[in-house]
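Summary of the model geometry
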Amino acid sequence: MKKIISILLSLMMLAMAFMAAAESEGTSIGSDGSVVTNYTSIDDVDPAVKEKLPHFEVLVTYAQFTDKLGSQYKSAIEFICEQLNCTPTFVESGSSFGDEGISILQSALVKHYDFCLALVASEGYFKIFEEAKVPYIVVGSVLSDPAIIETARKYEYFMGCVGVDDYGAMVEGATTLYNLGCRNVVWNGLPLGMSGQHDQRLHGFEDTAAKLGMNLLTENMDYTAWADGIANAAAAYPEMDGLGCTALSESIYNTIVNEGLQDYIKVCGIDITESTGKALEDGYLAYIAGGNYLAMQIGFVVGYNFALDGTRIIADNGTNLLWNNVHIHNIEEYNNYIKYLDSGIPGYTAQEILNMTHWYNNDFTPDDLVAAGKAFSLEDVMTRHAHLFK
């Protein structure tokens with residue numbers, strides 16, 4: 001199990017490393033390759049309300065905060081904490097989900113925190129937060145193993161998981177391929193069971209392909225050979241006209257171009273990298289999902305509600321609170337994504353976060369947050385933040 005987890009984290013870090021070169025107005029890259037996302041400070045919380053806000057200490061853990069996603073996580077939390085009288089502490093757990101990661105957290109929990117945003121849902125993590133009496137929310141991962149789900153429900157201080165709708169993203173991806181005429185498709189993914197999130201991506205693609213009558217020619221589940229697998233599939237199946245990827249990377253884009261496939265296939269996937277814009281402009285990238293970092297802000301909403309007045313946003317901590325991905329189908333949507341979600345301002349401002357608390361908004365309910373996640377879209381952000389970009 002530890003080996004599988006180590007492989008998965010290595011894959012995640014590799015994918016995020018590919019993302020590191022994707023620069024926007026709010027992103028800078030150091031000479032050492034570290035990524036820093038700088039969101040513009042916005043004072044949108046009434047000063048009279050600020051004076052009444054209690055102070056909270058928030059622990060935020062992640063593998064590393066120097067890659068693209070980690071940098072966005074960190075900056076998005078700093079952006080809202082500055083106005084909500086919260087002090088964030090960021091602790092890197094490195095490449096370990098096991099004993100080493102638990103040891104790092106135990107050292108951090110010597111100091112008391114009002115809540116914690118973490119990456120891992122496991123009994124080892126449940127126990128250390130229970131012992132420390134620190135509420136914790138898992139961000140960017142989902143519960144999928146029935147045994148872990150039942151275990152999670154035994155722990156009072158586990159607040160649940162906040163993730164993105166990976167299944168829905170690949171339903172959209174496969175549907176987009178079909179609407180563009182693709183009928184013979186290939187999938188690049190991870191072995192089933194390695195990751196609940198990636199399992200959902202696989203199922204979304206498979207189910208939609210079957211529903212629409214597409215031929216799923218082959219599935220390459222060896223992530224170390226994704227790029228070679230595409231070239232091999234093209235040779236073995238000359239009728240291939242569509243490709244779905246659980247995680248798009250530079251090596252995949254390079255293979256498509258080097259093999260001359262960009263004129264014959266359409267591609268869909270998840271994870272924005274430095275080549276996303278060009279692939280959309282060139283026309284072979286038909287769909288990509290972005291905006292994963294929003295899960296960190298929504299995880300904050302869950303912890304902040306509980307810290308403020310004991311409101312449990314996720315009543316059953318064995319369930320997942322899912323947020324829509326940002327669906328991108330063309331270069332115009334990509335440019336708007338960069339402008340509105342990947343440059344100066346994250347998906348939610350501090351006041352918008354405050355509006356999602358029962359303490360500030362007596363009419364707010366957990367169902368309202370579920371509905372907000374289902375309604376979230378690029379258009380939603382552009383409408384809410386239009387005044388911030390004039």
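Residues numbered from 1 in each chain as written. Predicted model: local features only at pLDDT ≥ 70, side-chain atom pairs only at ≥ 80, totals over all residues. Heavy atoms only, no water.

1. Quick look at the overall build of the chain
Inclusion rule: A run of H or I in DSSP becomes a helix once it reaches four residues, and a run of E becomes a strand once it reaches two; helices and strands are each numbered from the N terminus. The atom set for the radius of gyration is the C-alpha atoms, and the globule formula is 2.2 Å times the number of residues raised to the power 0.38. Partly exposed describes any residue whose relative accessible area lies between the buried limit of under 20% and the exposed limit of over 50%, with all areas from a 1.4 Å probe on protein chains only and scaled to the type maximum. For this analysis, residues touch if any pair of their heavy atoms sits within 4.5 Å. Calculation of accessible area relied on Shrake-Rupley with a 1.4 Å probe; when residues are assessed, cover is drawn exclusively from the protein chains displayed. For the charge count, each Lys or Arg is scored as positive and each Asp or Glu as negative, with His and the chain ends excluded. Charge positions come from single atoms, namely NZ of Lys, CZ of Arg, CG of Asp or CD of Glu.
A tally of helices and strands in the chain yields 16 helices and 14 strands. Relative to the compact-globule value of 21 Å for 390 residues, the chain shows a C-alpha radius of gyration of 21 Å, a close match. By principal-axis analysis of the C-alpha atoms, the chain measures approximately 65 × 50 × 45 Å. Classification of the 390 residues of the chain by burial places 56% in the buried group. Restricting the contact set of the chain to residue pairs at least 6 apart, pairs at least 24 apart contribute 73%. As presented, the chain carries roughly 15700 Å² of accessible surface, and 50% of it is formed by carbon and sulfur atoms. Of the charged side chains in the chain, 21 are positive and 50 negative, and the gap between their average positions amounts to 4 Å.

2. Re the packing of helix H7 (residues 166-179) against helix H8 (residues 196-212)
Each packed pair of helices is defined by two parameters, the angle between the axes and the distance between the axes. Selection rule: Fitted lines through C-alpha atoms give the axes, limited to the stretch in contact for helices. The angle between two N-to-C directions lies from 0 to 180 degrees. Note on convention: near helix rotated counterclockwise from far helix by under a right angle means a left-handed crossing. Clockwise means right-handed. All residues other than Ala, Val, Leu, Ile, Met, Phe, Trp, Tyr, Cys, Pro, Asp, Glu, Lys and Arg, Gly among them, are scored as polar; the first ten of these are nonpolar and the last four charged.
Relative to each other, H7 and H8 sit at 35°, their axes nearing to 7 Å. Read as a crossing pair, H7 and H8 show a hand that is right-handed. Contacts between H7 and H8 involve Asp166, Tyr167, Met170, Val171, Ala174, Thr175, Leu177 and Tyr178 from the first element and Gln197, Gln200, Arg201, His203, Gly204, Phe205, Asp207, Thr208 and Leu212 from the second. Classifying every residue of the contact of H7 with H8 gives eight nonpolar, six polar and three charged.

3. Here's the deal with the environment of Asn184
Selection criterion: Any pair of nitrogen or oxygen atoms within 3.5 Å is treated as a polar contact; in protein, a donor-acceptor pairing is required on top of that, and neighbouring residues in sequence qualify only through side-chain atoms on both sides.
Along the polypeptide, Asn184 turns up in strand E8 (residues 184-188). Classification of Asn184 as buried rests on a relative accessible area of 16%. Between the alpha carbons of Asn184 and Glu239 there is a distance of 6.5 Å; along the sequence they are 55 residues apart. When residues no more than four places from it in sequence are discounted, the contact partners of Asn184 are Asn215, Leu217, Glu239, Met240, Asp241 and Gly242. There is a polar contact of 2.8 Å between the side chain of Asn184 and the side chain of Asn215.

4. Some thoughts on the packing of aromatic side chains
Here is the rule we go by: We call Phe, Tyr and Trp rings a pair once their centres come within 6.5 Å, taking the six-membered ring for Trp, and we label the pair stacked below 30 degrees between planes, edge-to-face above 60, and tilted otherwise. Whether a charge lies above a ring is judged from NZ of Lys or CZ of Arg, which has to be within 6 Å of the ring centre and within 35 degrees of the ring normal.
Evaluation of the coordinates by the stated rule reveals 20 aromatic pairs. Judged by centre distance (4.5 Å) and plane angle (50°), the rings of Tyr340 and Phe389 are tilted. Note that Tyr340 is positioned in helix H13 (residues 331-341) and Phe389 in the segment after helix H16 (378-384), a separation of 49 residues in sequence. Assessed through its relative accessible area of 9%, Tyr340 is described here as buried. On the basis of relative accessibility, which here comes to 22%, the residue Phe389 falls in the partly exposed class. In this arrangement the basic side chain of Lys74 is found over the ring face of Phe90, its NZ or CZ atom lying 5.0 Å from the centre. Across the ring face of Tyr178, the terminal group of Arg183 is positioned such that the distance to the ring centre comes to 3.7 Å.

5. Details of unusual backbone geometry
Positive phi outside glycine occurs at Asn85, with the angle close to 60°. Structurally, Asn85 is set in the loop between helix H3 (68-81) and strand E4 (86-92). With a phi close to 55°, Lys133 is a non-glycine residue in the positive phi region. Structurally, Lys133 is set in the loop between helix H5 (123-132) and strand E6 (136-139).

6. Regarding the packing of helix H9 (residues 226-236) against helix H10 (residues 250-258)
The criterion, for reference: Oblique is the label for every angle not falling under 35 degrees (roughly parallel), over 145 degrees (roughly antiparallel), or within 65 to 115 degrees (roughly perpendicular).
Here H9 crosses H10 at 25°, and the two axes come no closer than 8 Å. Taken together, H9 and H10 sit at an angle that is classed as roughly parallel. Considering how the two elements wind past one another, H9 and H10 form a crossing that is right-handed. Along its contact with H9, which presents Trp226, Ala227, Ile230 and Ala231, the element H10 presents Ser251, Ile252 and Thr255. Class assignment for the residues of the contact of H9 with H10 results in five nonpolar, two polar and no charged.

7. A few points about the confidence of the model for the chain
Rules: By definition, pLDDT measures how confident the predictor is in each residue, and it falls between 0 and 100.
Counting all residues, the mean pLDDT for the chain is 89, and 92% of those residues have values of 70 or more. Considering each helix and strand of the chain separately, the mean pLDDT is smallest for helix H1 (residues 2-19), with a value of 44, and largest for strand E10 (residues 242-245), with 98. In the predicted structure, residues 1-24 sits below a pLDDT of 50 and forms 47 contacts with residues beyond four places in sequence or in another chain.

8. Considerations on the side chain of Asp67
Going by this rule: Should a side-chain nitrogen of Lys or Arg be within 4 Å of a carboxyl oxygen of Asp or Glu, the pair is scored as a salt bridge.
Tracing the backbone through its elements, the reader meets Asp67 in the loop between strand E3 (56-62) and H3. One buried charge, Asp67, has no salt-bridge partner; the nearest side chain with opposite charge is Lys68, at 9.7 Å. Here Gly70 takes part through its backbone nitrogen, which lies 2.7 Å from a polar atom of the side chain of Asp67.

9. Digging into the sheet that holds strand E14 (residues 326-328)
Rules: Note on pairing: two strands pair once DSSP finds at least 2 bridges between them.
Within the open sheet, the six strands sit side by side as E9-E8-E10-E11-E12-E14. Their pairing is mixed. The outermost strands of the open sheet, each flanked by one partner alone, are strand E9 (215-220) and E14. Across the sheet, the mean angle separating the axes of adjacent strands is 15° when strand polarity is ignored. With five bridges connecting them, E8 and E9 associate as parallel partners. Across the sheet, the residue bridging to Asn188 is Asn220, located in E9. H8 contacts E8, E9, E10 and strand E11 (266-270) of the sheet and is inclined by roughly 175° relative to E8.

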